[in-house]
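# Coordinate inspection notes
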Amino acid sequence: MHLDGCGLERDLPASGWLRVDAHRLLSRRRFLRLAALSAATPVFDVRLPRGLDFTLQNSSTAQKYLIETMPGGVALFDYNNDGLLDIFLVNGGRLTSPMQVPERFDRTNPRYWNRLYRQNKDGSFTDVTEAARLANPGIGNYGMGVAVADYDNDGFADLFVTNYGKNILYHNNGDGTFTDVTAKAGVAGGGWSVSAGFFDYNNDGHLDLFVTRYMEWDTKHSKTCGGAWRTYCPPAEFPATTNLLYRNRGDGTFQDVSQKSGIANKKGRALGVAFADYNADGFTDVFVANDGMQQYLYRNNGDETFTECALESGAALSADGKPLSGMGTVFQDYDNDGQPDIFVTVLPREIYGAYHNDGEGLFTSRNLETGLGALTAGSSGWGVGLEDFDNDGWKDLLVAQSHVLDNVEDIDHSLHYLEPPLLALNHEGRFERADSGITIPVAGRGLAFGDLNNDGWMDAVLTVLGGHPIVLMNRGGKRHWLTITLRGTRSSRDGLGARVRVNGQTRFATTAGSYLSANDRRLHFGLGDSNSAVIDVWWPSGAHQEIKDARADQFLEVREPERL
Amino acid sequence: MKFAILFFSLALQSVSPEAAQHMQTGVEAHKQGRLDLAIAEFRKATEAAPNLPEAFLDLGEVYAETGNYAAAIAPLKRALELNPELDGAHLQLGYALLAQGYAGEAIPHLERVRALEALGVAQIETGLYQEAIASLSAALVKRPNNPDLLYYLGRASGLLSKKTIETLIRAHPDSARVHEAMGENYFALRQMPQAEQEYREAWLQRPDIPGLQLELGLVYAGTEQWDKAEEAFRAEANRQPGNAEAAYRLGTALLQRGKAQEARAELQRADKLQPDMPETLYSLGKAALLAGEFALAEKSWTRVVALEKETSLAAQAHFGLAGLYRKQGKTAQAQHEMQEFQRLQSSTSSRPN
């Protein structure tokens with residue numbers, strides 16, 4: 001028995017096996033690294049596909065309302081089960097200068113709707129917002145983010161939209177339409193909700209819902225900062241608030257267990273959330289990226305309660321003990337040791353956080369060793385993902401970037417409001433900048449990942465304040481890959497929370513992470529030169545499944561055994 | 001006290017009873033804080049005894065006390081006409097003239113009585129920055145850390161620097177030194193592209209000037225261009241192998257780039273060149289931790305804590321030690337360091353670093 005970061009005794013995770021695998025693969029990966037370095041062409045083709053005519057209306061004002069610099073989310077999911085990823089984009093709303101009370105954001109105006117775009121077979125998109133009955137985002141709602149999962153296990157992915165205002169749960173009816181079931185489900189919340197995600201915290205097979213909230217703020221109590229610069233105020237100017245946790249009762253309704261679970265014991269200024277079982281105890285834990293303060297790591301106690309233990313675990317502050325301006329986050333294994341690590345995007349001069357999972361519930365800041373010190377110290381990051389874009393067997397980093405302040409260049413000449421996204425390829429745990437293909441700087445915010453054209457190479461969609469979304473289509477290559485769709489039987493149907501290992505790489509099944517956004521639920525693995533794979537799946541139900549000699553370059557559905 | 005001395009002085013002189021009475025009444029009124037009455041009485045005393053310098057001095061002093069420096073100047077000047085040796089009148093007149101903006105006129109009076117604080121200010125006002133620095137530095141010896149004196153000394157130094165640079169620019173407008181000075185200015189204004197350009201120009205003209213690559217490196221570090229910063233700091237460190245700052249800066253750039261072993265070596269070199277610099281030791285602890293040299297990390301941070309005690313850097317060192325001990329499974333020590341970190345964090349966050 002060992003003490004973990006929360007000072008509790010835990011059994012040692014079986015990480016020794018994973019380390020052996022990683023070592024075995026090392027020599028081959030060194031070779032792959034050389035191959036990756038020789039590729040000088042951009043990783044992505046930058047596209048605005050036909051039909052994707054969305055503009056993110058954040059409505060900047062002279063009042064510098066904080067909400068206007070924060071949207072908006074994007075989700076990649078297959079709402080009609082036709083095998084093609086569709087795109088849902090969250091819109092902000094119309095702000096006036098100053099806002100009148102009661103606040104209305106003109107959301108009945110189509111210009112300010114959220115939008116669902118169905119992907120067609122030719123890669124173009126069709127706006128199906130009205131047909132899908134998603135044209136009513138709520139009159140008092142300014143849109144923020146989106147979470148996606150099949151919360152009722154009916155085989156169709158549902159949508160949860162967060163707002164400054166009330167949140168909305170849209171049930172997917174399975175016929176191309178959605179129904180607003182917020183009132184029945186009891187998940188409207190309130191205040192300023194930001195990122196959200198579905199996960200099964202009590203392993204009962206029903207997906208629960210975590211909603212981050214930023215701060216206690218409204219347009220009536222807004223203010224500007226920076227004196228003559230007149231700019232957005234830092235978060236510390238406004239009171240902190242609590243996050244929300246809803247337990248899925250399994251009957252289409254949710255119970256607010258924020259207090260009961262201990263999630264609401266601490267107030268914060270949360271912007272991002274990601275899930276993984278960091279201490280291998282079989283229960284999914286929660287990492288919350290807080291802005292301008294310490295980060296929160298909620299350890300799942302396995303009894304429907306959580307203990308916040310980021311400080312004791314080493315994942316709360318920078319390596320220098322300074323608070324971070326946490327915005328986006330991802331909770332995945334970047335160094336193929338089998339244990340989920342934490343990345344947090346932050347403001348310039350802070351360096352994006354990279355917390356390596358050392359095992360036994362402890363993390364070590366590794367932002368310098370990973371190369372992020374040189375790559376990110378001058379940048380502001382929002383949406384973020386760890387995906388293997390070059391299929392070399394190592395998860396790479398893609399970050400949506402742009403400063404919070406639209407006039408930051410007046411204040412500090414060395415900083416920039418608009419920035420290109422950061423693409424950094426992972427070379428055995430160290431990241432090196434690569435050409436994303438985006439040459440012009442943008443105000444990036446949301447970022448979602450998925451294989452849009454089902455070619456086995458991961459793509460991404462980036463949202464841009466006041467602009468069109470940018471679709472990053474992976475140019476592909478010759479390496480092998482494997483994409484797994486989990487089909488839970490005793491666990492949730494989507495298998496969220498499962499740990500999947502393929503040829504020594506580990507992914508934690510989740511659609512959450514990034515910032516305001518929801519990713520393709522399919523699990524993608526780059527296989528490098530291997531044309532076969534050994535797959536291990538640890539399901540939230542406790543079932544373990546092993547598949548040997550799976551063929552590379554395929555979409556594989558793995559069904560959970562009915563019995564242990 | 002001052003007035004009592006005057007009375008002693010008056011007793012030795014042949015002053016008319018009327019003048020003496022007005023003087024006494026004036027002194028009493030002053031003691032009671034009735035300054036208007038005191039002024040009226042001292043004025044009557046000057047009328048009754050127009051050659052009595054003490055009467056004019058007292059009148060001027062009370063005017064000055066009411067803040068009416070304009071009215072104080074004439075009686076104080078008259079007092080000095082009657083008795084040029086009257087130090088009290090020199091002092092008061094110096095202050096009054098300075099307050100009224102006649103700094104040049106005030107200087108001889110303040111010099112005579114060595115009123116160094118006011119003299120320093122007057123010298124700043126008249127552009128005598130070097131002299132002001134001397135006066136204020138001498139005043140600071142008597143009143144160390146006095147905020148006003150420190151402020152004026154800083155101001156005098158800054159203005160002297162500006163004046164010197166202006167002279168330099170006039171005399172050698174396209175010289176390497178001018179470009180270097182311009183680089184410093186742009187750097188202070190955080191106009192980094194311009195700062196880089198000026199430093200580069202300076203370096204092209206005079207690559208022999210020490211410190212140029214260090215300054216260029218700071219520009220790159222300030223804009224998070226750590227590869228270029230490393231290159232510049234390395235050039236400076238090669239050029240000046242005995243320069244501890246160059247070694248320290250190179251070490252931090254290497255650390256930022258994740259080059260743990262190299263950073264550790266360079267920071268150790270900086271520590272050897274200039275021991276017990278807390279910033280060097282703190283970074284050395286980080287580099288050592290990155291390099292897996294736990295004993296060196298512990299030693300460095302423990303030294304920072306000993307040197308700094310209650311500062312934010314000490315808090316950071318405690319935080320580093322907590323992580324190190326946690327990593328080593330030394331739970332009790334980790335908890336102790338974390339508690340110290342939290343204690344210092346709460347105390348240092350309430351005051352500027």
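Now for a look at the structure at hand. Remember, predicted model here, so these are calculated numbers, not experimental data. Throughout this description, residue numbers start from 1 for each chain and increase along the sequence as written. Starting at A for chains and at 1 for ligands, labels are handed out in the order in which the entities are written. With the structure being a predicted model, the display of local features is reserved for residues of pLDDT at least 70 and the display and counting of side-chain atom pairs for 80 or more, all residues being used for whole-chain, interface and lining totals. Note that water and hydrogens are dropped before the side-chain values are worked out from all heavy atoms of the structure.

Once that is clear, we can look at the environment of Ser261(A). All names here are of chain A. Secondary structure elements follow DSSP: runs of H or I of four or more residues count as helices, runs of E of two or more count as strands, with numbering from the N terminus. Inspection of the secondary structure puts Ser-261 in the loop between strand 15 (254-256) and strand 16 (270-276). When the C-alpha positions of Ser-261 and Thr-307 are compared, they lie 8.8 Å apart, and in sequence the two are 46 residues distant. Apart from the residues within four sequence positions on either side, Ser-261 is in contact with Leu-245, Glu-304, Thr-305 and Phe-306. The definition of a polar contact used here is a pair of N or O atoms within 3.5 Å, where within protein one atom must be able to donate a hydrogen and the other to accept one, and adjacent residues in sequence count solely through side-chain atom pairs. A polar atom in the side chain of Ser-261 sits 2.6 Å from the backbone oxygen of Val-257. Every residue pair with non-hydrogen atoms within 4.5 Å of one another is taken to be in contact.

This brings us to the packing of aromatic side chains. Only rings of Phe, Tyr and Trp enter the pairing, Trp through its six-membered ring, and a pair is recorded when the two centres are within 6.5 Å. The plane angle decides the type: under 30 degrees is stacked, over 60 is edge-to-face, the rest tilted. Evaluation of the coordinates by the stated rule reveals 29 aromatic pairs over all chains. Here the aromatic rings of Phe199(A) and Tyr201(A) are separated by 6.2 Å at their centres, their planes lie at 40°, and the arrangement is tilted. Accessibility classification places Phe199(A) together with Tyr201(A) in one group, the buried group. For the pair Phe389(A) and Phe449(A), a centre-to-centre distance of 6.1 Å together with 45° between the ring planes defines the contact as tilted. With Phe389(A) in the loop between strand 25 (381-387) and strand 26 (396-401) and Phe449(A) in strand 29 (residues 444-450), this residue pair connects regions lying 60 residues apart in the sequence. Exposure classes here rest on a 1.4 Å probe applied to the protein chains alone. A residue is buried below 20% of its type maximum, exposed above 50%, and partly exposed in between. Taking the relative accessible area as the measure of exposure, Phe449(A) reaches 1% and is therefore buried. Lys223(A) extends its terminal NZ or CZ atom over the ring of Phe238(A), reaching a point 5.7 Å from the ring centre. Only lysine NZ and arginine CZ atoms are considered, and such an atom sits over a ring when it is within 6 Å of the ring centre and within 35 degrees of the ring normal. Taking the ring centre of Phe56(B) as reference, the NZ or CZ of Arg78(B) above it sits at 5.9 Å.

Residues and elements named next belong to chain A. Throughout, a disulfide means two cysteine sulfur atoms within 2.5 Å of one another. Scanning all chains against the criterion turns up one disulfide over all chains. Linked covalently through their sulfurs, Cys-225 and Cys-233 form a disulfide whose S-S length is 2.1 Å. An S-S torsion of about 95° defines the bridge between Cys-225 and Cys-233 as right-handed. Neither residue differs from the other here; Cys-225 and Cys-233 are each classed as buried.

What follows covers helix 8 (residues 116-125) of chain B. All names here are of chain B. Helix 8 sits mainly inside the fold: eight of its 10 residues count as buried. Where helix 8 is concerned, the buried positions are Leu-116, Ala-118, Leu-119, Gly-120, Val-121, Ala-122, Gln-123 and Ile-124. Lining the buried residues of helix 8 we find helix 6 (87-99), helix 7 (103-113), helix 9 (129-142) and helix 10 (147-171). Backbone geometry just after helix 8 places Gly-127 at a positive phi near 85°.

Quick look at the nonpolar core now. Here the nonpolar core consists of buried residues drawn from Ala, Val, Leu, Ile, Met, Phe, Trp, Tyr and Cys, with membership extended through side-chain atoms lying within 4.5 Å. Of all hydrophobic cores here, the largest spans 90 residues; its most connected members are Phe331(A), Ile342(A), Phe343(A), Leu372(A), Leu397(A) and Phe431(A). With nine residues, the single largest contributor to this core is helix 19 (residues 312-327) of chain B. Ignoring any residue separated from it by four or fewer positions in sequence, one finds Phe331(A) in contact with Ala274(A), Phe275(A), Ala276(A), Tyr278(A), Phe287(A), Leu297(A), Pro340(A), Asp341(A), Ile342(A) and Phe363(A). Residues Val404(A), Ala460(A), Val471(A) and Leu472(A) belong to the second largest nonpolar core, which totals 64 residues.

On to the packing of helix 17 (residues 278-290) of chain B against helix 19 of chain B. When two helices pack together, their arrangement is captured by the angle between the axes and the distance separating the axes. All names here are of chain B. Between the N-to-C directions of two axes lies an angle of 0 to 180 degrees, each axis being a line fitted to C-alpha atoms and, for a helix, fitted only over the stretch in contact. At a minimum axis separation of 11 Å, helix 17 and helix 19 run at an interaxial angle of 20°. With respect to helix 19, the element helix 17 is oriented roughly parallel. As helix 17 packs across helix 19, the resulting crossing turns out to be left-handed. Across the interface between the two elements, Pro-278, Glu-279, Tyr-282 and Leu-289 of helix 17 pack against Leu-313, Gln-316, Ala-317, Leu-324 and Lys-327 of helix 19. A per-class count over the contact of helix 17 with helix 19 returns six nonpolar, one polar and two charged. Throughout, the term roughly parallel applies to angles under 35 degrees, roughly antiparallel to angles over 145, roughly perpendicular to angles from 65 to 115, and oblique to all others. By convention the crossing between two helices is left-handed if the near helix lies anticlockwise of the far one by an angle smaller than a right angle, and right-handed if it lies clockwise. Three classes are used, and their members are as follows: Ala, Val, Leu, Ile, Met, Phe, Trp, Tyr, Cys and Pro are nonpolar, Asp, Glu, Lys and Arg are charged, and the others, Gly among them, are polar.

Further remarks concern the interface of chain B and chain A. The interface is formed by 24 residues belonging to chain B together with 27 residues belonging to chain A. The term buried area refers to how much accessible surface (probe radius 1.4 Å) is lost by two components on association, counted for both of them together. Together chain B and chain A conceal approximately 2,000 Å² of surface at their shared face, both sides included; 54% is due to carbon and sulfur atoms. Salt bridges are defined by distance alone: a side-chain nitrogen of Lys or Arg within 4 Å of a carboxyl oxygen of Asp or Glu. The interface formed by chain B and chain A includes four salt bridges. In this structure, the salt-bridge partner of Asp358(A) is Lys327(B), at a minimum N-O distance of 3.8 Å. Where chain B touches chain A, the interface holds 12 residue pairs in polar contact (both at pLDDT 80 or more). At the level of secondary structure, the elements contributing two or more residues to the side of chain B that touches chain A comprise helix 15 (244-256), helix 17, helix 19 and helix 20 (331-348) of chain B. The dominant element in the side of chain B that touches chain A, judged by the number of residues it contributes, is helix 20 of chain B, at five residues. Across the side of chain B that touches chain A, the residue classes break down as nine nonpolar, nine polar and six charged.

The next point concerns the pattern of salt bridges. Between side chains of opposite charge, a pair can form when the charged atoms approach closely. All names here are of chain B. Applying the stated rule across the entire model yields 39 salt bridges over all chains. Residues Lys-77 and Glu-105 are paired through a salt bridge, measuring 3.4 Å at the closest nitrogen-oxygen approach. Placement of the pair is Lys-77 in helix 5 (residues 69-82) and Glu-105 in helix 7, with a sequence separation of 28 residues. Among the residues examined, Lys-77 registers a relative accessible area of 34% and is labelled partly exposed. Residue Glu-105 is classed as partly exposed on the basis of its relative accessible area of 39%. Of the charged contacts in the structure, one is a salt bridge between Glu-230 and Arg-234, with a shortest N-O distance of 2.7 Å. On the criterion of helical spacing, the pair formed by Glu-230 and Arg-234 is a turn pair, its members being four residues apart in helix 14 (residues 226-239). In the salt-bridge network here, residues are joined through shared partners; they are Glu-230, Arg-234, Arg-257, Lys-259 and Glu-262.

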